[in-house]
Structure formats: C-alpha cells, structure tokens
Amino acid sequence: MFASLIAFIRDYYRSNGPIPLHAPVFEGHEREYVLETIDSTFVSSVGAFVERFENRIAAYTGSPRAVATVNGTAALHIALKVAGVEAGDLVVTQPLTFVATCNAIAYCGAEPVFVDVDRGTLGLSPRALEAWLTEHARLDAEGVCRSRADNRVVRCCVPMHTFGLPADLDALIDVCGRWNLVLVEDAAESLGSLYRGRHTGTIGRVGTLSFNGNKIITTGGGGMIITDEALAARARHLTTTAKVPHPYDYVHDELGYNYRLPNLNAALGCAQLERLEAFITAKRALANRYAELLAGSSIEFVREPEGCRANYWLNAVICEDVAQRTALLAATNGVGVMTRPIWRLMHTLPMYAHCRRGDLTVAEWLEARVVNLPSSVPPGDRQ
Ligand SMILES: *Cc1c(COP(=O)(O)O)cnc(C)c1O
C-alpha cells in the first residue's frame with residue numbers, strides 16, 4: 001500500500017527528488033505586482049494593493065468587508081477583540097487545531113475551553129459544545145453565558161475548518177444562538193471552501209483567513225478579518241495603532257496594534273487570488289485521485305462533508321491505528337516524500353494544560369491516526 005502511494009505521488013509530481021507537503025506556486029502576476037510596489041516606493045502599510053486585496057477578498061467570499069493584517073494570528077486576535085472577548089473570558093474551541101487559534105485567545109487574556117471534534121469534519125462538534133455548556137454553564141439574568149464553577153463569561157465559540165473541511169456550521173449556529181455565544185470562524189485553512197454554498201469565514205459574526213507561505217494562497221505572511229461594516233471599522237482602527245484620522249497630528253485614542261499588512265505582501269496576494277479557483281480545481285482533482293487510490297484499503301481518505309465544497313488545502317488520511325500511522329510516516333519521509341502527523345492536541349501543550357475541557361475521545365482517536373499527504377498544486381502545464 002505504502003509503495004503504491006509513494007509511486008503515485010512521485011508520478012503525480014513527476015519528481016524523484018524531495019516532495020514537499022505544500023509549496024506555493026507563482027505563475028501569474030506575482031512578479032509584476034510586487035515590482036510595481038517597489039517602483040512606486042509604496043512597499044509598506046500605505047499603498048493601493050492593500051485596499052485592492054481587501055476589496056477582492058470581500059468580493060470573492062461575499063463578505064461585506066475585509067481588513068488585511070500581518071498574519072492570520074493577528075487577524076484572529078483582533079477578530080476576538082471586536083467580537084467582545086475581554087480578559088478573564090472563556091472561549092470554547094477545539095483541541096485539534098494549529099496553536100495559533102489558542103494563542104490568539106490567550107493574547108486577549110482569555111482562556112480556551114476545549115471540546116471535542118466530529119470524526120466527519122475534524123471540526124468542533126456541536127454535540128460536544130452543547131454537552132459542555134449544559135454541564136458547566138448557565139445563562140444569567142441578562143442572558144450572558146457564564147461558567148457555573150466561577151461565573152466567568154463564556155463569550156465566544158471558535159470552530160476551525162480543519163485542512164479546509166467546513167465544520168458543522170448550522171448546528172453550531174443553533175447552539176451558539178441558544179447560549180448567546182458569538183461565533184468566530186478560524187477559516188485560516190479554508191479560503192474558498194463552501195458550506196451550503198456560502199464561503200467559510202462569512203457565516204459566523206467574524207471570520208479570519210491566513211496567507212502564510214504554506215496556505216492555499218500566500219502573501220509571504222498575512223491574514224484577513226472578514227465581517228460586517230461595523231466590526232470591520234473597529235478592526236481597521238485596532239490594526240492601525242488606533243490612530244484617529246487627522247491631516248498631520250498623531251492622536252491615538254486607545255491601545256492599538258501595528259497589524260496592518262504591508263503593500264508589498266498585498267501585491268503578492270492580489271496576484272495569488274487571481275489563481276485561487278484554478279488552485280482549488282487542481283486540489284480537488286488531486287483529492288479525487290488519492291480517494292480512488294486508497295478506496296478499499298485500510299487507510300481512509302478524508303472526504304468533504306455532505307453539502308460542502310472543501311478547498312482540500314491539505315489532504316488527510318486516517319490510518320487504522322498508531323502503528324500504521326508511524327509506519328506510513330517513516331516509509332514516506334524516509335524516501336523524501338513529506339507527510340506529517342496532525343498537531344499535538346492543544347491541552348497537551350504546557351501553556352494550555354490547565355485549561356477546562358470536555359470529553360475529547362474523538363480528538364484523541366484522530367490525533368493517533370491522521371496523516372497529511374503532499375498537497376501542492378502542480379506546475380501550470382499539469383493543472
Ligand atoms: C495558519 C493558521 C493560522 C494563522 O497562522 P499565521 O501563520 O499567523 O498566518 C491560524 N489558525 C490555523 C488553524 C492555521 O492553520
């Protein structure tokens with residue numbers, strides 16, 4: 001099985017050399033747009049590409065507004081702040097995520113609460129969320145959700161669309177609605193993924209994207225907050241040092257952040273965005289090939305949830321047990337075909353070990369079995 005998988009990957013990428021997990025592709029206007037910023041001298045946080053990139057992301061996703069940031073973690077940090085997260089709050093999220101999700105919560109002085117994921121979506125389970133809230137929370141006289149144990153406010157719920165697979169959003173919206181939680185989507189991995197026809201990141205109150213070098217499109221480093229007019233204005237203010245508009249004076253009316261995306265990076269983003277749908281088509285074709293190859297084997301290819309279009313940013317498989325997972329990682333990495341286990345669960349990391357959590361059976365089961373396979377878009381002549 002491993003041998004035929006490795007042979008398929010080598011054939012697909014037409015390479016006997018090292019094969020990365022995910023490499024960017026620059027075959028459009030990237031060079032042209034980046035050089036334009038240099039020629040104009042506007043390489044920093046002022047420049048036409050930043051606004052253009054924001055407008056194009058808003059138009060593409062169908063979001064009312066978009067605010068560009070230096071990276072996805074910064075986007076999530078500010079998204080949580082504009083969603084109302086304050087120091088001392090609790091924010092419910094999944095333990096199966098990249099550490100940035102939890103770090104952004106901690107930057108707010110808030111604390112993550114970990115609830116389980118669903119096997120089908122690898123994302124936050126509405127049932128697990130409901131179960132944790134029923135056991136540990138109550139609505140106070142003002143309708144604010146609070147922890148029964150110590151009265152702390154449970155402010156937000158942050159599902160993450162793992163590897164581009166949309167989480168079970170309708171059911172999450174239902175639970176959040178009944179418990180008065182603000183839904184913030186960490187859509188860092190799922191740009192272009194659709195949940196019942198709508199873009200992930202636009203369905204909760206606020207959503208965030210990442211354009212890190214390994215994401216489906218990249219700006220080198222970068223992120224985006226997608227939300228409505230009012231919260232976007234607030235996010236824009238906080239990400240630009242809370243500077244009050246004035247012809248020459250330096251007035252800052254609260255603690256702000258220097259989080260605005262430079263024009264140089266936005267130029268790369270504008271060119272990459274022009275290629276996004278072609279990338280998604282190529283990735284979906286590769287996902288189908290992996291699924292066909294693995295059909296009937298003991299390794300399960302993770303398919304998109306029903307009613308969704310996944311961007312298949314990173315292809316994932318579920319091995320039958322830890323032994324098979326370890327053998328697959330060794331066999332592939334040993335011959336230069338890069339595969340990776342899924343992240344260590346967040347509550348096992350030292351800075352989040354003290355956090356509250358529900359039953360995490362599914363997350364633990366997946367942690368022992370999930371492997372990501374090479375998922376780069378091949379060069380243009382073979383897309
Ligand atoms: C990539 C990513 C982020 C943001 O990462 P940056 O490197 O800061 O852009 C946040 N959450 C998840 C789940 C991610 O995969």
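Scroll up a little and you will see the structure.
Note that this is a predicted model, so its numbers are computed, not measured. (Residues numbered from 1 in each chain as written. Predicted model: local features only at pLDDT ≥ 70, side-chain atom pairs only at ≥ 80, totals over all residues. Heavy atoms only, no water.)

Trainee: Help me out: how do you make sense of the overall build of the protein chain in this one?
Mentor: When you go through the protein chain residue by residue, the secondary structure sums to 12 helices and 16 strands. On C-alpha atoms alone, the protein chain measures out to a radius of gyration of 21 Å, which is about the 21 Å that the 2.2 N^0.38 rule sets for 383 residues. Taken along its principal axes, the extent of the C-alpha atoms in the protein chain is 60 × 60 × 35 Å. Sequence-distant contacts, at least 24 apart, represent 71% of the contacts inside the protein chain between residues at least 6 apart. In the structure as shown, the protein chain presents an accessible area of about 15400 Å², 54% of it carried by carbon and sulfur atoms. (Helix = DSSP H or I, 4+ residues; strand = E, 2+ residues; numbered from the N terminus. Rg over C-alpha atoms; globule rule 2.2 N^0.38 Å. Contact = heavy atoms within 4.5 Å. Areas by Shrake-Rupley, 256 points an atom, 1.4 Å probe, with all protein chains shown as cover.)

Trainee: Teacher, can you tell me more about the sheet that holds strand β14 (residues 315-318) here?
Mentor: What links the strands of a sheet is backbone hydrogen bonding, and the strands pair in either a parallel or an antiparallel sense. What the 4 strands build is an open sheet, ordered β12-β14-β16-β15; its pairing is antiparallel. Every interior strand has two partners, whereas the edge strands, β12 (300-301) and β15 (340-341), have only one. Direction of pairing for β12 relative to β14: antiparallel, over a ladder of 2 bridges. Bridge pairing in β14 places Glu300 opposite Ile318. (Pairing = 2+ DSSP bridges.)

Trainee: Could you clarify how one ought to interpret a negative patch on the surface in this entry?
Mentor: The grouping of Glu32, Glu36, Asp39 and Glu274 at the surface amounts to a negative patch. Position of Glu36 relative to the elements: it lies in helix α2 (residues 30-40). We classify Glu36 as partly exposed; its relative accessible area is 39%. (Patch = residues over 30% accessible without salt bridge, like charges linked within 9 Å, V, L, I, M, F, W, Y side chains within 5 Å. Salt bridge = Lys/Arg side-chain N within 4 Å of Asp/Glu carboxyl O. Lys, Arg positive; Asp, Glu negative; His and termini not counted. Charge placed at Lys NZ, Arg CZ, Asp CG, Glu CD. Buried < 20%, exposed > 50% of the residue type's maximum accessible area, 1.4 Å probe, protein only.)

Trainee: When you look at the side chain of Glu30 in this model, what are you seeing that I'm missing?
Mentor: Looking at the element boundaries, Glu30 is found in helix α2. Buried within the structure, Glu30 lacks any salt-bridge partner; Arg275 is the closest side chain of opposite charge, at an N-O distance of 5.5 Å. A polar contact of 3.5 Å, which involves the side chain of Glu30, links it to the backbone nitrogen of Glu27. From its side chain, Glu30 meets the backbone nitrogen of Gly28 in a polar contact 2.8 Å long. The contact partners of Glu30, leaving out residues within four places of it in the chain, are Val25, Leu268, Ala271, Gln272 and Arg275. (Polar contact = N/O pair within 3.5 Å; in protein donor to acceptor, adjacent residues only side chain to side chain.)

Trainee: Help me understand the sheet that holds strand β13 (residues 308-309), please; the structure alone is not making it clear to me.
Mentor: Strand order in the open sheet made by the 3 strands is β9-β8-β13, with antiparallel pairing throughout. Looking at strand neighbours, the two that pair on one side only are β9 (198-199) and β13, the edges of this open sheet. Bridge count for strand β8 (residues 194-195) against β13 is 2 bridges, and the pairing is antiparallel. Note that in β13 the partner of Leu194 across the bridge is Arg309.

Trainee: Can you walk me through helix α11 (residues 322-333) in this structure?
Mentor: Owing to its 3.6 residues per turn, the α-helix brings residues three or four apart onto one side. Compared with the 16 Å implied by 1.5 Å per residue over 12 residues, the 16 Å span of α11 between its first and last C-alpha is a close match. Among all positions in α11, only Gln324, Arg325, Leu328, Leu329 and Thr332 are buried. Down the axis of α11, the smallest arc covering the buried residues is 135°, so these residues share one side. Of the residues in α11, the exposed ones pointing more than 90 degrees away from the buried face are Ala323 and Ala330. Among the structural elements, α1 (2-12), β14, β15, α12 (361-367) and β16 (370-373) are those in contact with the buried residues of α11. (Expected span 1.5 Å × (residues − 1). Arc of directions from axis to C-beta.)

Trainee: Help me understand the packing of α1 against helix α10 (residues 276-294), please; the structure alone is not making it clear to me.
Mentor: The description of two helices packed together rests on the angle between their axes and the distance between the axes. Contact pair α1 / α10: the axes reach a minimum separation of 11 Å and the direction vectors enclose 155°. Considering their axes alone, α1 and α10 lie roughly antiparallel with respect to each other. For the pair α1 and α10, the sense of crossing is right-handed. Only Ala282, Leu286, Arg289, Tyr290 and Leu293 of α10 make contact with α1, whose side of the interface consists of Ser4, Leu5, Phe8, Ile9 and Tyr12. Split by residue class, the contact of α1 with α10 holds 8 nonpolar, 1 polar and 1 charged. (Axes fitted to C-alpha atoms, helices over the stretch in contact; angles between N-to-C directions. Parallel < 35°, antiparallel > 145°, perpendicular 65-115°, else oblique. Left-handed = near helix turned anticlockwise from the far one by under 90°. Nonpolar A, V, L, I, M, F, W, Y, C, P; charged D, E, K, R; others polar.)

Trainee: I tried to follow the packing of aromatic side chains on my own but got confused; where do I start?
Mentor: Describing an aromatic ring pair means giving the distance of the ring centres and the angle of the ring planes. Counted by the stated rule, this structure contains 9 aromatic pairs. Summarising the aromatic geometry, the rings of Tyr290 and Phe301 are spaced 6.2 Å apart at their centres and angled 25° between planes, so their arrangement reads as stacked. With a gap of 11 residues between them, Tyr290 in helix α10 and Phe301 in strand β12 connect regions that are remote in the sequence. Both residues of the pair, Tyr290 and Phe301, belong to the buried class. Of the aromatic side chains, those joined through ring pairs into one cluster are Phe8, Tyr12, Tyr13, Tyr290, Phe301 and Tyr312. (Phe/Tyr/Trp six-rings, centres within 6.5 Å; stacked < 30°, edge-to-face > 60°.)

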